[in-house]
Amino acid sequence: MKTKLKPVKLSAKRAVAASTHAVVPLKERRLNFGSKWDFAPAPEESKNYVIAPQHELFIDGKFVAPSTGKYFDSINPATEEKLTEIALGNDQDVDRAVKAARRAYDKVWGKMPGRERGKYLFRIARIIQEKMRELAVLESMDGGKPIKETRDVDLPIVAAHFFYHAGWADKLQYAFPGGRQPRPLGVVGQIIPWNFPLLMAAWKIAPAIACGNTVVIKPSKTTSLTLVRLAQIFQEAGLPDGVVNVITGVGGTGDAIVRHPDINKIAFTGSTEIGKQLAQITAGTGKKLTLELGGKAANIVFEDAPIDQAIEGVIAGIYFNMGHVCCAGSRLLVQESIYTKVVSKLRDRIQTLRLGNPLDKNTDIGAINNKPQLEKIRELVQCGVAEGAELVQSSCALPAKGYWYPPTFLTGVTASHRVAQEEIFGPVLSVMTFRTPEEAFERANNTPYGLSAGVWTDKGSKIFKIVNKLRAGVVWANTFNKFDPTSPFGGYKESGFGREGGVQGLGAYCRLD
Amino acid sequence: MKAAALSKRERPEVSIRQSAFGIRNSPVPTVDQVMVEERAASFAKRSIKTSAKLAGLKMAVSMCDLTTLEGKDTPGKVAYLCRKALQPIEAKYNVPNCAAVCVYPNMVKYARKFLGDVSPVNIAAVATGFPSGQYPLRTKLEEVRRTVADGADEIDMVIDRCAFLAGDHAKVFDEIAATKEACGPAHLKVILETGELVTYDNVRLASEIAMQAGGDFIKTSTGKVSPAATMPVTLVMLEAIRDYFFATGIRIGMKPAGGIRTSKQALAYLVMVKETLGDDWLNPQMFRFGASTLVNDVLMQIVKNVEGNYQGSDYFSLP
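Residues numbered from 1 in each chain as written. Chains lettered and ligands numbered in written order. Predicted model: local features only at pLDDT ≥ 70, side-chain atom pairs only at ≥ 80, totals over all residues.

## A word on the overall build of chain A
Item 1. Along the backbone of chain A there are 16 helices and 20 strands.
Item 2. For 513 residues, the compact-globule estimate of 2.2 N^0.38 gives 24 Å, and the C-alpha radius of gyration of chain A, at 25 Å, lies within 12% of that figure.
Item 3. Within chain A, the fraction of its 513 residues that count as buried is 55%. (Helix = DSSP H or I, 4+ residues; strand = E, 2+ residues; numbered from the N terminus. Rg over C-alpha atoms; globule rule 2.2 N^0.38 Å. Buried ≥ 20, exposed ≤ 12 C-beta atoms within 10 Å, placed from the backbone.)

Spelled out as structure tokens, the structure:
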């Protein structure tokens, strides 16, 4: 038996009228990220980790003084205090290192079966895991990176790279199609940047030694500390002498590596400017070269994107590691229909980023790595404003000492603005618009770079359509800045050539017969 | 977009677009599962120490809806609950009272008797055929009216998940609106029962419907379905509240309920509120925890913070 219910008739208007809600006037509708519940300082313990007053070169398995007898200061960019002194290596030191590497290659490492080499890599990976907390703290102090990132991103991936390549060491003959047998190249010269000091070292060293090469590696001038610490781990792991040599120093030291006649391959991560010089120097020398250079990645947000998550991706894409990321999503391309909404959400979101002491576990934004970089960021932002872009910055307080730059974005940017073209390499996002998917990939590709890109849409078919047209080495869909040793990383155009990571990355360290 | 697929029922007064499908003609945003879970996890990584921890824990107590929802509830049990809500721990610890007690409709009169006519502790009652909601609207509304008449300050209703999942979102809307009307002066919390809605897209849409239909609060769960409250689900709802605030100027409250048992969890939720909606939501008027065992864990941490060492659980009175 069916009872007929009287339908409830209640209009939307009546519902609103019935509600007792106070309505905040339009102009006062803002979120208040104030001090109602302030977080107390939560610094990571650092006093147990002693930093030696001086750090030497690591040549032939031993720590040795530089032939110049000179050292340079390494400072903590968050405090401008001197951390330690680092040996200044010159061409003589490089020569010693290359000779040691050649000896190790000829006598030990090049001949060692892959399964034996793999054991050393596994051992290194495990020691890194054991010392992860210490390395994370040192990385933070040396480079200004927030401990949250060094602890949760850098160091786990560093260990993962050694584990991953340890696994390849005895399986290289299966890595390449057509039964081609890979053989090592010989002595490899590697030059790495300051944005991910240990991570870049792992990206370079792990595949090189897994494939049977020996290494002479130079860190950036501002971030040598953790690589020297990694050299101690190589000693601890019993890695044969000379397999990895660390030459700290300045630009000239790197130049000596690149020009050394007994080096078979150069692997470089850094600026496009230097990358171009390296291409010239190595041309015709028979040295193999891989370059991982700058970027100006487009993060494309369509109107049908999961918008709150896209905002998180945009934030992670540009403010991760203070924007000192070559694959940073520094150009935000927003579909014009949602431009206002996205800008207003970004405005709110940057207010909740916590800037300050990199060793504080709640810090999201650490210090800018070095003073010249800070000046470059300032100059480019000023230029953006002079060219008519609107500046939006977090109102967070900056510490009095150290190098700091607040999370920033520029709206009203067009493709002809300098801030839309040049890599800023800082926490600065350029916000631009597009109308159609075609315009989106056209604008995304309209750059001399091509390292990475991001696409945000809820529509799967649109993702596949777009990613196939983007000329970028890595394209992330509905996520950003995800790294894994199994996934190749590298650029198009002025972002460089060669791949790191994955089976493709092995190819850069092998000769195929 | 999805409006066409909605309801073919004749309802001239309600524009579907306005009622269930977004604010000012913009569709309800979709939610990406991977990223929302990643973001939710990030709040739990905040390190809340010393003074911030103590302040956060006290705030958590003040936001508790101390709950008992069992068939075996009796006037005696309700008295335990009310007394605990009024004074969670000895006065020397300076801990605020809980926001409310949350009981079944039949228990409201006992709670009112215990708490008196004027009390700092509100009486919340679950209603509308809690927990399933599978009852006729007429009886649901009658239940609400009687519960309010018995002295409930707040009504925690459940949405009609049957209608929602069958696609009749307009019915969900109308029931909430009717319940709001039946509530009279009582505040209305709308339980979405996110564990039965399953997807974040559903949670987001249901939040939108609940807010537009007149809910004062949106609440995750009944506590009778697993999973109950989770961080990502709560984040999706907080984001819906944020968009609704900007569109209408109305601040809707949030109540995660079920499964929040530890101080650590509670602090992570508070961090999420702080960094998603800001200071204006960090109070018992705008944010509540629906919980029964949480409060003693929080009190234990508060005492530890003040005294320097942990006390055994027997030193904390049971609600």
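## Concerning the overall build of chain B
Item 1. Within chain B, the secondary structure is distributed over 13 helices and eight strands.
Item 2. Relative to the compact-globule value of 20 Å for 319 residues, chain B shows a C-alpha radius of gyration of 19 Å, a close match.
Item 3. Taken over the C-alpha atoms alone, chain B extends approximately 65 × 45 × 30 Å along its principal axes.
Item 4. Out of the 319 residues in chain B, the part that is buried amounts to 57%.
Item 5. Taking all contacts inside chain B whose residues are at least 6 apart in sequence as the whole, residues at least 24 apart take part in 75%. (Contact = placed C-beta atoms within 7 Å.)

## Considerations on the nonpolar core
Item 1. Core analysis: the largest hydrophobic core is formed by 113 residues, its most contacted members being B:Cys64, B:Val101 and B:Ala111.
Item 2. When residues in this core are grouped by element, the largest group, 10 residues, is from helix H11 (residues 231-248) of chain B.
Item 3. If we ignore the near neighbours within four places in the chain, the residues touching B:Ala111 are B:Val78, B:Cys82, B:Val101, B:Val103 and B:Ile123.
Item 4. The next biggest cluster of nonpolar side chains, apart from the first, holds 83 residues, and it includes A:Phe162, A:Ala206, A:Val244 and A:Tyr509. (Core = buried A, V, L, I, M, F, W, Y, C linked by C-beta atoms within 7 Å.)

## Quick look at the sheet that holds strand E2 (residues 100-103) of chain B
Hydrogen bonds between backbone atoms are what pair the strands of a sheet, whose relative direction is either parallel or antiparallel.
All names here are of chain B.
Item 1. Overall, parallel pairing links the eight strands, which are arranged E7-E6-E5-E4-E3-E2-E1-E8 in an open sheet. The outermost strands of the open sheet, each flanked by one partner alone, are strand E7 (253-255) and strand E8 (289-291). Direction aside, the axes of adjacent strands within the sheet are offset by 25° on average.
Item 2. Strand contacts of helix H8 (residues 169-183): strand E4 (154-158) and strand E5 (187-191), with the helix running at about 150° to E5, the strand carrying the most contacts. (Pairing = 2+ DSSP bridges. Axes fitted to C-alpha atoms, helices over the stretch in contact; angles between N-to-C directions.)

## Section: the interface of chain A and chain B
Many authors give the size of an interface as the accessible area that is lost as the parts come together.
Item 1. Counting residues at the interface gives 39 residues for chain A, matched by 47 residues for chain B.
Item 2. Mapped onto the side of chain A that touches chain B, the elements with two or more residues apiece are helix H1 (12-18) and helix H10 (307-319) of chain A.
Item 3. Of the residues assigned to the side of chain A that touches chain B, the class counts are 19 nonpolar, 11 polar and nine charged. (Nonpolar A, V, L, I, M, F, W, Y, C, P; charged D, E, K, R; others polar.)

## With respect to the domain arrangement of chain A
Residue and element names in this part refer to chain A.
Item 1. Assigned domains within chain A: domain 1 (54-293 + 495-512) and domain 2 (298-484).
Item 2. Between domain 1 and domain 2, the C-alpha centre-to-centre distance is 30 Å.
Item 3. Facing the 20 residues of domain 1 at the interface are 24 residues of domain 2. (Domains from an automatic or database assignment.)

## As for the environment of B:Arg46
Item 1. If you trace the backbone, B:Arg46 turns up in the loop between helix H2 (33-43) and helix H3 (50-62).
Item 2. Residue class for B:Arg46 comes out buried when judged on the 22 C-beta atoms lying within 10 Å of it.
Item 3. Taking the C-alpha atoms as reference, B:Arg46 lies 22 Å from B:Val306; in sequence the two are 260 residues apart.
Item 4. Not counting residues up to four positions away in its chain, the partners in contact with B:Arg46 are A:Phe39, A:Asn362 and B:Val271.

## Observations regarding the sheet that holds strand E14 (residues 390-393) of chain A
Residue and element names in this part refer to chain A.
Item 1. Spatially, E14-E15-E16-E13-E12-E17-E18 is the arrangement adopted by the seven strands of the open sheet, whose pairing is mixed. Two strands in the sheet have a free side with no partner beyond their single neighbour: E14 and strand E18 (474-477). Neighbour-to-neighbour, the strand axes of this sheet turn through a mean angle of 20°, independent of strand direction.
Item 2. Where strand E15 (residues 408-411) meets strand E16 (residues 428-434), three bridges bridge the pair, whose relative direction is parallel. The residue bridging Phe409 from the neighbouring strand is Leu429, located in E16.

## Considering the pairing of E15(A)
All names here are of chain A.
Item 1. The two faces of E15 match: Thr408 and Leu410 on one face and Phe409 and Thr411 on the other face are all buried.
Item 2. Relative to E15, E14 runs antiparallel, the two sharing four bridges. Residue pairing for E15: Glu390 is matched across the bridge by Thr411.

## Some points on the environment of A:Pro43
All names here are of chain A.
Item 1. Position of Pro43 relative to the elements: it lies in the loop between H1 and strand E1 (54-55).
Item 2. Pro43 gets classed as partly exposed once you count the C-beta atoms within 10 Å, which come to 16.
Item 3. Taking the C-alpha atoms as reference points, Pro43 and Leu359, separated by 316 residues in sequence, lie 5.4 Å from one another.
Item 4. With residues near it in sequence (within four places) discarded, Pro43 still touches Asn357, Leu359 and Asp360.

## Here's the deal with the packing of H10(A) against H2(B)
Item 1. One way to put it is that H10(A) packs onto H2(B) with a least axis distance of 9 Å and a crossing angle of 65°. Between H10(A) and H2(B) lies a crossing of left-handed hand. Packed against H10(A), whose contacting residues are A:Gln309, A:Glu312 and A:Gly313, the element H2(B) presents B:Met35, B:Val36 and B:Arg39 at the interface.
Item 2. Among the residues making up the contact of H10(A) with H2(B), the classes are represented as two nonpolar, two polar and two charged. (Left-handed = near helix turned anticlockwise from the far one by under 90°.)

## Some points on helix H7 (residues 225-236) of chain A
Residues and elements named next belong to chain A.
Item 1. Between its terminal C-alpha atoms H7 stretches 17 Å, which fits the 16 Å expected from 12 residues at 1.5 Å a residue.
Item 2. Looking at H7, one finds that the buried residues are Leu225, Thr226, Leu227, Val228, Arg229, Leu230, Ala231 and Phe234.
Item 3. Positive phi appears at Gly238, one or two residues downstream of H7, with a value of about 75°. (Expected span 1.5 Å × (residues − 1).)

## Describing helix H10 (residues 200-212) of chain B
Residues and elements named next belong to chain B.
Item 1. Taking 1.5 Å per residue, 13 residues should reach 18 Å; H10 reaches 18 Å between its end C-alpha atoms and fits that length.
Item 2. In terms of burial, H10 is a largely internal element, 11 of the 13 residues being buried.
Item 3. Within the span of H10, buried status applies to Tyr200, Val203, Arg204, Leu205, Ala206, Ser207, Glu208, Ile209, Ala210, Met211 and Gln212.
Item 4. Phi for Gly214, located one or two positions after H10, is positive at around 115°.

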